[in-house]
Amino acid sequence: MNILVINSGSSSIKYKLFKMPQKKLLTKGVIEHIGEEGSDIQDHYTGLKLILSKVNSVDAVGHRVVHGAESFKKPALINPLVIRKIRQCCAIAPLHNPANLAGILACNKLLAGIKQVAVFDTAFHQSLPDYAYIYGLPYEYYTKLCIRKYGFHGTSHEYVAHEAARLLKSPINKLKLITCHLGNGSSITAVDRGKSIDTSMGFTPLEGLVMGTRCGDVDPALITHIMKKKKLDIAAMNTLLNRESGLKGISGISNDVRILEEKSKLGNKRARLALEIFIYRIKKYIGAYTGIMSGCDALVFTGGIGENQKRVRGKIIRGLFSHLKKKPKILIIPTNEELMIAKQTYLLING
Ligand code: ADP
């Protein structure tokens with residue numbers, strides 16, 4: 001069965017075609033500049049039409065959908081009700097869900113009769129207990145405005161957790177794992193016996209670690225203080241926190257760890273500081289998650305930094321578990337969110 005995996009963003013569509021259940025990648029590609037000035041591809045429908053002209057015999061489609069809120073605890077076969085619920089989630093994921101939905105609607109038109117499945121970034125974290133996902137705000141903000149921790153990168157955390165169990169030759173329901181997805185966007189998850197019980201990203205992907213350009217955890221009182229001091233409106237403040245902060249903001253050089261490593265070796269103090277802050281925050285989360293699980297069998301690294309930056313990994317681990325009698329195994333597992341989406345699509349369709 002050929003499964004087309006679609007990751008539809010605001011101006012791009014990434015795709016991979018897998019032969020399942022053999023997990024064989026048949027083809028992949030990306031369509032960019034959708035809707036941009038001068039582009040031939042003015043909408044997702046045209047983009048998908050182009051993709052479908054390049055891929056043969058699609059039997060089913062798996063879509064990455066960023067936000068499923070509390071409506072989706074697992075992948076869902078797409079139907080009008082599912083589409084309505086994904087649309088409702090646009091209110092709390094305005095940057096992602098509309099683009100994901102555009103991909104689904106285009107496929108509906110172009111591949112009528114072919115089964116489509118939505119796989120949600122938030123679904124794996126729906127197992128968090130309420131004391132981990134409720135913020136210290138008036139409770140009505142949760143019940144009336146859906147404000148709570150959702151967590152993201154769920155498909156990646158779930159994939160590497162299962163891969164870790166496979167490598168350790170142990171059933172996942174016997175393992176305490178901490179999965180570190182470290183890329184431009186970064187998050188850490190405590191996976192207790194196969195279930196996500198806490199994760200560093202929150203209501204949005206801004207919470208938690210210091211990332212490429214995102215600030216991660218800050219004192220919330222800073223937001224209004226900075227807006228007042230710098231006379232920033234909501235859009236400008238959002239840009240500051242999401243695009244001008246993190247490694248880029250601290251170093252004043254780049255969001256790319258490779259460049260910061262190079263500059264740091266040459267003696268650049270702010271590049272060194274940015275990396276130290278990045279690593280320190282990661283250590284804090286790992287320490288906290290080891291604590292709440294009363295131990296950790298394996299620490300898993302994935303994502304561009306987690307997979308490739310040996311020095312950064314080394315600094316994260318240094319001294320981290322010296323107090324533990326049983327030291328966690330350290331695993332480096334390349335993530336494959338698209339394969340996970342193909343697997344989940346295959347499983348849902350074939351029972
Ligand atoms: P995204 O979150 O956008 O998918 P990536 O997972 O590609 O990002 O991670 C980007 C980060 O990973 C950058 O900081 C970069 O320095 C680092 N990185 C990616 N590939 C490599 C590599 N081959 N060697 C070293 N670092 C890498």
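Coordinates for the structure precede this section.
For the structure given in this document, a descriptive report is provided here.

Calculation notes
- Residues numbered from 1 in each chain as written.
- Predicted model: local features only at pLDDT ≥ 70, side-chain atom pairs only at ≥ 80, totals over all residues.
- Heavy atoms only, no water.
- Near = heavy atom within 4 Å.
- Polar contact = N/O pair within 3.5 Å; in protein donor to acceptor, adjacent residues only side chain to side chain.
- Areas by Shrake-Rupley, 256 points an atom, 1.4 Å probe, with all protein chains shown as cover.
- Nonpolar A, V, L, I, M, F, W, Y, C, P; charged D, E, K, R; others polar.
- Pairing = 2+ DSSP bridges.
- Helix = DSSP H or I, 4+ residues; strand = E, 2+ residues; numbered from the N terminus.
- Contact = heavy atoms within 4.5 Å.
- Axes fitted to C-alpha atoms, helices over the stretch in contact; angles between N-to-C directions.
- Buried < 20%, exposed > 50% of the residue type's maximum accessible area, 1.4 Å probe, protein only.
- Phe/Tyr/Trp six-rings, centres within 6.5 Å; stacked < 30°, edge-to-face > 60°.
- Lys NZ or Arg CZ within 6 Å of the ring centre and 35° of its normal.
- Parallel < 35°, antiparallel > 145°, perpendicular 65-115°, else oblique.

What to know about the site of the ligand
Part 1 of the reasoning: Looking at the ligand, the residues that line it are Gly183, Asn184, Gly185, Asn255, Asp256, Val257, Arg258, Gly303, Gly304, Ile305, Asn308 and Gln309.
Part 2 of the reasoning: At 3.4 Å, a backbone N or O of Gly185 approaches an oxygen atom of the ligand.
Part 3 of the reasoning: Protein coverage of the free-state accessible area of the ligand, which is 570 Å², stands at 64%.
Part 4 of the reasoning: For the shell around the ligand, the residue count by class is two nonpolar, eight polar and two charged.

A short note on the sheet that holds strand S4 (residues 60-65)
Part 1 of the reasoning: Spatially, the six strands line up as an open sheet ordered S3-S2-S1-S4-S6-S5, and their pairing is mixed. Only two strands of the sheet have a single partner each, and these edge strands are strand S3 (24-31) and strand S5 (76-77).
Part 2 of the reasoning: Pairing analysis gives six bridges linking S4 to strand S6 (residues 115-120), with the strands arranged parallel. Note that in S6 the partner of Arg64 across the bridge is Val119.
Part 3 of the reasoning: Seen against the sheet, helix H1 (residues 44-54) touches strand S1 (2-8), strand S2 (13-19) and S3 and runs at an angle of roughly 30 degrees to S2.

As for the sheet that holds strand S9 (residues 195-199)
Part 1 of the reasoning: Pairing within the open sheet is mixed, and its five strands lie in the order S9-S8-S7-S10-S11. Every other strand in the sheet has two partners, leaving S9 and strand S11 (329-332) as the edge strands with one partner each. When strand polarity is set aside, the average angle formed by the axes of neighbouring strands in this sheet is 25 degrees.
Part 2 of the reasoning: Pairing of strand S7 (residues 176-182) with strand S8 (residues 186-192), which is carried by seven bridges, proceeds in the antiparallel orientation.

Concerning the pairing of S1
Part 1 of the reasoning: For S1, a buried count of seven out of seven residues is recorded, marking the element as mostly surrounded by other parts of the structure.
Part 2 of the reasoning: Of the two faces of S1, both are covered, the one formed by Asn2, Leu4, Ile6 and Ser8 as well as the one formed by Ile3, Val5 and Asn7.
Part 3 of the reasoning: Bridge count between S1 and S2: seven bridges; the pairing is antiparallel. Directly across from Ile6, in S2, lies its bridge partner Tyr15.
Part 4 of the reasoning: Pairing geometry for S1 and S4, over four bridges, is parallel. Note on S4: the bridge partner recorded for Ile6 is His63.

Observations concerning the packing of aromatic side chains
Part 1 of the reasoning: In total, this model carries five aromatic pairs according to the counting rule given.
Part 2 of the reasoning: Consider the rings of Tyr139 and Tyr142, whose centres lie 5.6 Å apart with planes at 65 degrees: the pair is edge-to-face.
Part 3 of the reasoning: Geometrically, the ring pair formed by Tyr285 and Tyr289 is edge-to-face, given 5.8 Å between the ring centres and 70 degrees between the ring planes. Of this pair, Tyr285 and Tyr289 both sit in helix H11 (residues 269-292), four residues apart, roughly one helical turn.
Part 4 of the reasoning: For Tyr285, a relative accessible area of 14% translates into the label buried.
Part 5 of the reasoning: One aromatic cluster is present, formed by Tyr133, Tyr139 and Tyr142 through successive ring pairs.
Part 6 of the reasoning: Here the basic side chain of Lys109 rests over the ring of Tyr45, its NZ or CZ set 5.4 Å away from the ring centre.
Part 7 of the reasoning: The ring centre of Tyr133 lies 3.5 Å from the NZ or CZ of Arg148, which sits over that ring.

A few points about the packing of helix H6 (residues 154-168) against helix H14 (residues 337-350)
Part 1 of the reasoning: Interhelical geometry of H6 versus H14 gives an angle of 85 degrees and a closest axis separation of 9 Å. With respect to their mutual orientation, H6 and H14 come out roughly perpendicular. Taking contact as the criterion, the partners of Thr155, Ser156, Glu158 and Tyr159 in H6 are, on H14, Glu337, Leu339, Met340, Ile341 and Gln344.
Part 2 of the reasoning: For the contact of H6 with H14, the class distribution of residues is four nonpolar, three polar and two charged.

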